[in-house]
Amino acid sequence: MTAGTATRQRKSAEGNFGVRTGRWARSAIVYGIVVAVLAGVAGQWLGVSPPAAYGICSACHGRDLSNWILNHSEGARLFVTAAGASWPLLTVVGLVLGSFLASIRNEEFASINLGGNVRQFAFGAVVMCAALFVGGCPTRIIIRTGYGDLAGVLALGGVATGVVIATLSLRWAARR
Amino acid sequence: MIVSFSSLAVGLIVGYLAQRSRMCTIGGLRDYVLVRDTALLKGVGAMLLGSWVVFGALHPIASSDVGRGLIAAGTTPTGLRAVAAIVLGGLVLGLVATLSGACPLRQHVLAGQGRVGAWAFLAGFYLAAVVYTSWISPSIGSWVI
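The rules we used
- Residues numbered from 1 in each chain as written.
- Chains lettered and ligands numbered in written order.
- Predicted model: local features only at pLDDT ≥ 70, side-chain atom pairs only at ≥ 80, totals over all residues.
- Helix = DSSP H or I, 4+ residues; strand = E, 2+ residues; numbered from the N terminus.
- Rg over C-alpha atoms; globule rule 2.2 N^0.38 Å.
- Buried ≥ 20, exposed ≤ 12 C-beta atoms within 10 Å, placed from the backbone.
- Domains from an automatic or database assignment.
- Contact = placed C-beta atoms within 7 Å.
- Nonpolar A, V, L, I, M, F, W, Y, C, P; charged D, E, K, R; others polar.
- Expected span 1.5 Å × (residues − 1).
- Core = buried A, V, L, I, M, F, W, Y, C linked by C-beta atoms within 7 Å.
- Axes fitted to C-alpha atoms, helices over the stretch in contact; angles between N-to-C directions.
- Parallel < 35°, antiparallel > 145°, perpendicular 65-115°, else oblique.

Enquirer: A description of the overall build of chain A should follow, citing residues and the corresponding values.
Expert: Along its length, chain A carries 8 helices and 0 strands. Reading chain A from its N terminus to its C terminus gives the helix and strand order α-α-α-α-α-α-α-α. Scaling as 2.2 N^0.38, a compact globule of 176 residues should have a C-alpha radius of gyration of about 16 Å, whereas chain A reaches 20 Å, well beyond that. Once the C-alpha set of chain A is aligned to its principal axes, its extents read approximately 65 × 50 × 35 Å. The 176 residues of chain A split such that 49% are buried.

Enquirer: If you had to explain the domain arrangement of chain B to someone new, which residues and values would you point to?
Expert: All names here are of chain B. Here the domain parsing of chain B yields domain 1 (1–73) and domain 2 (76–145). At the interface, 9 residues of domain 1 touch 11 residues of domain 2. Only helix 1 (2–21) and helix 2 (25–35) provide two or more residues apiece to the side of domain 1 that touches domain 2. It is helix 2 that provides the largest number of residues to the side of domain 1 that touches domain 2, a total of 4 residues. By residue class, the composition of the side of domain 1 that touches domain 2 is 4 nonpolar, 4 polar and 1 charged.

Enquirer: Tell me what's going on with helix 3 (residues 28–44) of chain A, and back it up with residues and numbers.
Expert: Residue and element names in this part refer to chain A. Under the 1.5 Å per step criterion, the end-to-end length of helix 3 is 24 Å for 17 residues, consistent within 8% with the ideal 24 Å. Counting buried residues along helix 3, 12 of its 17 residues qualify, which places the element largely inside the surrounding structure. By the burial criterion, the buried members of helix 3 are Ala-28, Ile-29, Tyr-31, Gly-32, Val-34, Val-35, Ala-36, Leu-38, Ala-39, Gly-40, Ala-42 and Gly-43.

Enquirer: Account for the nonpolar core, with residues named and values stated.
Expert: Judged by nonpolar contacts, the single largest core of 92 residues is most densely connected at Val35(A), Val127(A), Met128(A), Ala130(A), Ala131(A) and Leu93(B). At 11 residues, helix 6 (residues 117–134) of chain A tops the list of elements feeding residues into this core. Each of two domains, domain 1 (1–73) and domain 2 (76–145) of chain B, supplies a minimum of three residues to this core. For Met128(A), the residues in contact, after removing those within four places along its chain, are Ala59(A), Phe125(B), Ala128(B), Ala129(B) and Tyr132(B).

Enquirer: If you had to explain the packing of helix 3 of chain A against helix 1 of chain B to someone new, which residues and values would you point to?
Expert: At a minimum axis distance of 10 Å, the contact between helix 3 of chain A and helix 1 of chain B shows a crossing angle of 170°. With respect to each other, helix 3 of chain A and helix 1 of chain B are oriented roughly antiparallel. Within the contact between the two elements, helix 3 of chain A uses Ala28(A), Tyr31(A), Val34(A), Val35(A), Leu38(A) and Ala42(A) and helix 1 of chain B uses Ser6(B), Ser7(B), Val10(B), Ile13(B), Val14(B), Leu17(B), Ala18(B) and Ser21(B). For the contact of helix 3 of chain A with helix 1 of chain B, a count of residues per class yields 11 nonpolar, 3 polar and no charged.

Enquirer: Account for helix 5 (residues 91–105) of chain A, with residues named and values stated.
Expert: The terminal C-alpha atoms of helix 5 of chain A lie 21 Å apart, and with 15 residues this matches the ideal 21 Å at 1.5 Å per residue to within 8%. Within helix 5 of chain A, 11 of the 15 residues are buried, which leaves it mostly tucked inside the rest of the structure. Looking at helix 5 of chain A, one finds that the buried residues are Thr91(A), Val92(A), Val93(A), Gly94(A), Leu95(A), Val96(A), Gly98(A), Ser99(A), Phe100(A), Ala102(A) and Ser103(A). In this structure, the buried residues of helix 5 of chain A make contact with helix 4 (58–73) of chain A together with helix 1 and helix 5 (104–112) of chain B. Positive phi appears at Glu107(A), one or two residues downstream of helix 5 of chain A, with a value of about 55°.

Enquirer: Go over the interface of chain B and chain A with me, naming the residues and quoting the values.
Expert: Each partner contributes residues to the interface: chain B has 98 residues there, and chain A has 106 residues. Elements supplying a minimum of two residues to the side of chain B that touches chain A: helix 1, helix 2, helix 3 (39–62), helix 4 (79–100), helix 5 and helix 6 (116–139) of chain B. Among the elements that make up the side of chain B that touches chain A, the one with the highest residue count is helix 1 of chain B (19 residues). Of the residues contributing to the side of chain B that touches chain A, the split by class is 64 nonpolar, 30 polar and 4 charged.

See below:
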């Protein structure tokens, strides 16, 4: 019965362009393909390289941006990749702004405090160190694996193992 | 200058789509292990397959050195210690990212839609970036590749 109603709703939305694109935007598969294409295009034609497969990364681009700001404001000499050395990489700013615009447009923006913010701060620090150590956030590790980076394949295997261990231990702790 | 504009545009597009799809790269495997939900795992598979196809297609189109062969040059870790270090680093990354609730990219998206914990996460994230490049990276620089 529920399947019948769902099918009818989909047929009625067929003519509405906005509803149809909204459904495409909610698909994780579309997101994955768009990220892959944008990473390739940005790395090849939009100047987000020399490091190979550097189109999208939340950890490395964040490192480049924060170090660029410190280099230019405090005169520090911190490491910045060649892509973000002269002009800053603003991917992380775009990420936050883009999700802010999406949540405003769809009336999902809400300030939610779940608590445990000190713990989240510590987790953020550890995640950044581990991500810079293996050479990218999980998104860039996947992109590097597609590029053919052997270190990326190894890191992806490590990340998958870590996720499974953490999930199983969380479930074990919740069931006790 | 084009780098700033293009990376900002890429970030805007990816941030918008990530907020709509609730996509998280570690969330795919987590949801599969917990409740056998494969929606996000399909997204991860699409990203992996898509980037493989894109970089494979870029090589003949752009006639550059991307995507040459199955394994790119200069990415092979030297020695068993580098392999162990990379796998262990990835393990810590996956472990702690799962405990914090989302992958780094998803934390940026959550910060954009108003989650306070994500802003705390990002504060530690960018502080650690400066700490890592200032003190940790110089002492372990030759470990990876």
